[in-house]
Amino acid sequence: MDSKSKQGYTDNPHFETMSSDFLYHINISTSSHDLKKLFSDVKFVCIGGSNGRMLNVAKYLAKELSSYMPETVDFTDLTGSSDRFVMYKVGPVLSASHGMGVPSMSILLNEIFKLLTHAGAKDVTIFRLGSSGGLGIKPGTVVVTTEAVNGEIKPVYEQFILGKRCERASVLDQRIAEDVKSCGTSEDDFEVVLGKTMCAGGFYEEQGRLDGAICHYTAEDKFTFLQKLYDSGVRNIEMECTGLAALTNQVNMKAAIVCVGLLNRLENDQVTTPVEKLHEFEMRPAKIVGRYIKKKLDEA
Ligand code: URA
């Protein structure tokens, strides 16, 4: 059945027949929360893998965008007793964690899309602020994704639905990617580059590492594949991009993927960067996206 029903940020004819909706993994319900009052002003959603980082992102954005914030910003985790994700609201921005990999992230995305639809939020842009393995880039470089590709270097997200393989196109808005990239300045002590991103289904074999518990290929096989990726324009590898590009495209939500490369995979497999440096690296996507959001709020 092809869905013809696009309401808000959903694409599901059954959605409007639901009399109430419990967003289980973020522990928010239409019957216990006034979603319009709480979330109708959301314009930007920042998501990233880890709980702690997304609290730091919320605090960072509250400071950077202080003129657009209420007098007191509350950093209470809106998911309450749910132990899956965290979510904070700072003015017009939601900051939420999505865990690791597309399956985890797609659960969060479904619930955020429904949350924003129930709330009547409009003109929302979502950003994934992530970490990744860089390809031929200096560790600490920020990559803004121009195209999200799968492990066969195709811009496709594969799902199995009711026993059938379903391919959804992974589509990103080039203009937003370029605008986000242009938020990097010569004063930054890191580079911001545009490039394709490969989405892997795991961290070890799926990313061509030699240091997993299981590996049935040679170092030469690994480098041949990584070089092929590089030659196709791929500049980093992570585990969420095709899912984000395809699912946001499905519901017409604008999206950008902004990831720091923690290492150069043409040189290393192990992430051995000292933890303080890693934390600093991981905030770089937030710095760039914070500037983009500020620009958009100033223009509005
Ligand atoms: N995240 C990934 O998915 N891969 C890396 O190499 C580093 C971070």
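Here the structure is shown first, and the text comes after it.
Asks: Help me understand the packing of aromatic side chains in this model?
Replies: One pair of aromatic rings is described through two measures. These are the centre distance and the angle between the planes. Throughout the structure, instances matching the rule amount to four aromatic pairs. Here the aromatic rings of Phe44 and Phe127 are separated by 6.4 Å at their centres, their planes lie at 25°, and the arrangement is stacked. Within this pair, whereas Phe44 is found in strand E3 (residues 44-48), its partner Phe127 is found in strand E6 (residues 125-134), the two being separated by 83 residues in sequence. Both residues of the pair, Phe44 and Phe127, count as buried. Note on Phe127 and Tyr292: the rings are 5.6 Å apart at their centroids and 70° apart in plane angle, and the pair reads as edge-to-face.

Asks: What am I meant to see in the site of the ligand here?
Replies: Neighbouring the ligand are Ser131, Ser132, Gly133, Phe203, Gln207, Arg209, Ile237, Glu238, Met239 and Leu263. At 3.5 Å from an oxygen atom of the ligand is found a main-chain nitrogen or oxygen belonging to Gly133. Here a nitrogen atom of the ligand and a side-chain polar atom of Gln207 are 2.9 Å apart. Protein chains bury 94% of the 240 Å² of accessible surface belonging to the ligand in isolation. Where the shell around the ligand is concerned, the elements lending two or more residues are E6 and strand E11 (234-238). For the shell around the ligand, the element with the most residues is E6, which contributes three residues. Across the shell around the ligand, the residue classes break down as four nonpolar, four polar and two charged.

Asks: Looking at this structure, I do not really get the pairing of strand E8 (residues 156-161). What am I missing?
Replies: The side chains of a regular strand alternate between both faces of the sheet. Judged from the six bridges that link them, E8 and strand E9 (residues 164-169) form a sheet pairing that is antiparallel. In the strand pairing of E9, Val156 is matched with Ala169. Hairpin remark: E8 followed by E9, antiparallel, with two residues in the connecting loop; positive phi at Leu162, about 50°.

Asks: Sorry, what's going on with helix H6 (residues 241-250) here?
Replies: The buried fraction of H6 amounts to eight of the 10 residues, a majority that puts the element mostly inside the structure. The complete set of buried residues in H6 reads Cys241, Thr242, Gly243, Leu244, Ala245, Ala246, Leu247 and Thr248. Following H6 by one or two positions, Asn252 has its phi on the positive side, about 60°.

Asks: What am I meant to see in the nonpolar core here?
Replies: One broad trend across soluble globular proteins is that nonpolar side chains are buried collectively. Ranked by internal contacts, the top residues of the largest apolar core, which has 39 residues, are Phe39, Val45, Ile47, Met87 and Leu116. Secondary-structure elements contributing two or more residues to this core are helix H1 (35-39), E3, strand E5 (93-97), helix H3 (102-119), H6 and strand E12 (254-264). Here the element with the most residues in this core is H3; it accounts for nine residues. If we ignore the near neighbours within four places in the chain, the residues touching Leu116 are Tyr9, Phe39, Val42, Val45, Leu94, Ala121, Val124 and Met253. Core analysis: the second largest hydrophobic core is formed by 37 residues, Cys46, Tyr88, Leu278 and Ile288 among them.

Asks: Help me out: how do you make sense of the layout of surface pockets in this one?
Replies: One simple way to see leftover space: roll a probe sized like a water molecule over the atoms. Of the volumes computed, that of the second largest pocket is approximately 410 Å³. If you go around the second largest pocket, you meet 22 residues; those closest to its centre are Met100, Ser131, Phe203, Met239 and Leu262. Looking at the lining of the second largest pocket, the elements with two or more residues in it are E6, E11 and E12. If one sorts the elements of the lining of the second largest pocket by residue count, E6 sits on top with five residues. Grouping the amino acids of the lining of the second largest pocket by side-chain chemistry returns seven nonpolar, nine polar and six charged.

Rules behind the numbers
Residues numbered from 1 in each chain as written. Predicted model: local features only at pLDDT ≥ 70, side-chain atom pairs only at ≥ 80, totals over all residues. Heavy atoms only, no water. Phe/Tyr/Trp six-rings, centres within 6.5 Å; stacked < 30°, edge-to-face > 60°. Helix = DSSP H or I, 4+ residues; strand = E, 2+ residues; numbered from the N terminus. Buried < 20%, exposed > 50% of the residue type's maximum accessible area, 1.4 Å probe, protein only. Near = heavy atom within 4 Å. Polar contact = N/O pair within 3.5 Å; in protein donor to acceptor, adjacent residues only side chain to side chain. Areas by Shrake-Rupley, 256 points an atom, 1.4 Å probe, with all protein chains shown as cover. Nonpolar A, V, L, I, M, F, W, Y, C, P; charged D, E, K, R; others polar. Pairing = 2+ DSSP bridges. Core = buried A, V, L, I, M, F, W, Y, C linked by side-chain atoms within 4.5 Å. Contact = heavy atoms within 4.5 Å. 1 Å grid on protein atoms, 1.4 Å probe; cavity = no way out; pocket = protein on both sides within 12 Å on 5 of 7 lines; lining within 4 Å. Points joined across faces, edges and corners; volume = space filled by probe spheres on them.

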